[in-house]
Amino acid sequence: MSPPMRDLVELFGGTLPVTDPARTAALLAWLDEFSGSHWNFRKGAERPDAQEPTLDAEQRTMVLNAAEALGLVRARSPRHDTYTHLIVLGGLARACLQRTSYAVALLANVLVARPEVAALGSGRPLTAAEHALLRDQGVEACQNEMDAMDVGVRRYLGFSGPVSVETNEVPNDSALSWSVRTYRRESGPTVRVLSAPSGEPEQRRANTADTQRFWAERVTLTPDDRVLVVTSAIYVPFQHADALRTLGVPFGAEVDTVGVEAGWSHEPSLHQPVSPGKYLQEIRSAIRSMRALLAAVEATTSASTPA
């Protein structure tokens, strides 16, 4: 209901409903439908395959202003100095390297008390463009997103190899396979690179929520834990809502999410390309994730309320 969201809806020919804050679910449902009609450029495809919309100069400026106001552009510092866990979310190969690099920069000022750091990847096969980017970085033999996260951990945290590897490879079915590589040394945090099985293997590959849940169950997350999630700034609203739904609601952990800005990197070649269309797509992602979070909270509340 914020002015930037109202302006954005009006820019695309809509009028945000006037509703009682108690009816948040209805408002999110309306925004989900509206954004599906106007800001869904993926149409079921992967993010790199989304079509960029045709916008004039005024529209582009308004979209970029709204994205900044809604928290998708600038990096924000972690709220606390100490966390029990830091997790880096996977993505395209460029993001895997950029985020692990940024996590190292954060660790210079944030104490991970356990100490435990996790890099969450997946078994998603890399695209030709990702293979090309990794080759330009001097990296060969990466097959999937988890391998790209593994490269970031080795490169920026200074590990030569894991002390242990656990795998459950299901032949011809990456949606059911999982893997955990553990890195450890005398000083500094233990680091795990994880790839999780899908929560709906017959319908899709594992997503970020599956991987977060898989990690949380392995470390036995509790209400005493404080988790710092690291992603890209453009994804902070939607991935924070997902983290609250998968880590906060069921396990009671405190969750903060921070994002690296598109133009930040130890290596300029890893800067993330962004555009008005990408911001609109991720505002839609945030709406959908907030809707799922609200449903999870309501379901938990109903289950805990005596009949």
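Asks: Just checking my understanding: could you explain the overall build of the protein chain for this structure?
Replies: What the protein chain contains, in helices and strands, is nine helices and nine strands. Taking 19 Å as the expected radius of gyration for a compact globule of 307 residues, we find that the protein chain reaches 20 Å, a close match to that expectation. When the backbone C-alpha atoms are referred to their principal axes, the protein chain occupies close to 55 × 55 × 45 Å. Each of the 307 residues in the protein chain was classed as buried or not, and the buried ones make up 48%. Within the protein chain, contacts between residues at least 6 apart in sequence are counted, and of these 71% link residues at least 24 apart. Surface summary for the protein chain: the accessible area is close to 14700 Å², and the carbon and sulfur share equals 50%. Charge-centre separation for the protein chain: the mean point of 30 positive side chains lies 1 Å from the mean point of 36 negative side chains.

Asks: Can you help me understand the packing of helix α1 (residues 3-11) against helix α3 (residues 57-69) in this one?
Replies: When two helices pack together, their arrangement is given by the angle between their axes and by how far apart the axes lie. Relative orientation of the contacting elements α1 and α3 amounts to 150°, with a least axis distance of 9 Å. Taken together, the axes of α1 and α3 lie roughly antiparallel to each other. Note on packing geometry: the crossing formed by α1 with α3 is left-handed. Residues P4, D7, L8 and L11 of α1 form the contact with α3, whose participating residues are Q59, M62, V63, A66 and A69. The residue makeup of the contact of α1 with α3, split by class, is seven nonpolar, one polar and one charged.

Asks: Sorry if this is basic, but what is going on with the sheet that holds strand β2 (residues 85-89) here?
Replies: Note: strands within a sheet are paired through backbone hydrogen bonds, in either parallel or antiparallel orientation. Taken in spatial order, the seven strands of this open sheet run β5-β6-β7-β4-β2-β8-β9, and their pairing is mixed. The two strands at the open ends of the sheet, each matched to only one other strand, are β5 (164-168) and β9 (254-260). Averaged over all neighbouring strand pairs, the angle between strand axes comes to 15°, with direction disregarded. Direction of pairing for strand β8 (residues 226-232) relative to β9: parallel, over a ladder of seven bridges. Bridge pairing in β9 places L228 opposite D256.

Asks: What's the story with the pattern of salt bridges in this structure? I'm lost.
Replies: Two side chains carrying opposite charge are able to pair once their charged atoms lie near each other. Going through the model one piece at a time under the given rule, you end up with 18 salt bridges. Taking the shortest distance from any N to any O, the salt bridge between R288 and D32 comes out at 3.1 Å. One end of the pair, R288, is in helix α9 (residues 276-304); the other, D32, is in helix α2 (residues 24-38), with 256 residues separating them in the sequence. Note on R288: relative accessible area 41%, which makes it partly exposed. Taken together, the shared-partner salt bridges in this structure form one network comprising D32, R284, R288 and R291.

Asks: Would you mind going over the packing of helix α4 (residues 93-107) against helix α6 (residues 145-157) with me for this structure?
Replies: Across the interface, α4 lies against α6 with an axial gap of 8 Å and an inter-helix angle of 35°. For the pair α4 and α6, the crossing hand works out as right-handed. Judged by residue contacts, A93, C96, L97, T100, S101, V104 and L107 of α4 engage E145, A148, M149, V151, G152, V153, Y156 and L157 from α6. Looking at the contact of α4 with α6, its residues break down into 11 nonpolar, three polar and one charged.

Asks: Honestly, the pairing of strand β4 (residues 116-121) in this entry has me stumped. Any pointers?
Replies: For a regular strand, side chains alternate in direction, first toward one face of the sheet and then toward the other. Most of β4 is tucked away, with six of its six residues classed as buried. By the bridge criterion, four bridges tie β2 to β4 in an arrangement that is parallel. What sits directly across from V88, in β4, is A119. When β4 meets strand β7 (residues 190-195), the two strands line up parallel, connected through six bridges.

Conventions used here
- Residues numbered from 1 in each chain as written.
- Predicted model: local features only at pLDDT ≥ 70, side-chain atom pairs only at ≥ 80, totals over all residues.
- Heavy atoms only, no water.
- Helix = DSSP H or I, 4+ residues; strand = E, 2+ residues; numbered from the N terminus.
- Rg over C-alpha atoms; globule rule 2.2 N^0.38 Å.
- Buried < 20%, exposed > 50% of the residue type's maximum accessible area, 1.4 Å probe, protein only.
- Contact = heavy atoms within 4.5 Å.
- Areas by Shrake-Rupley, 256 points an atom, 1.4 Å probe, with all protein chains shown as cover.
- Lys, Arg positive; Asp, Glu negative; His and termini not counted.
- Charge placed at Lys NZ, Arg CZ, Asp CG, Glu CD.
- Axes fitted to C-alpha atoms, helices over the stretch in contact; angles between N-to-C directions.
- Parallel < 35°, antiparallel > 145°, perpendicular 65-115°, else oblique.
- Left-handed = near helix turned anticlockwise from the far one by under 90°.
- Nonpolar A, V, L, I, M, F, W, Y, C, P; charged D, E, K, R; others polar.
- Pairing = 2+ DSSP bridges.
- Salt bridge = Lys/Arg side-chain N within 4 Å of Asp/Glu carboxyl O.

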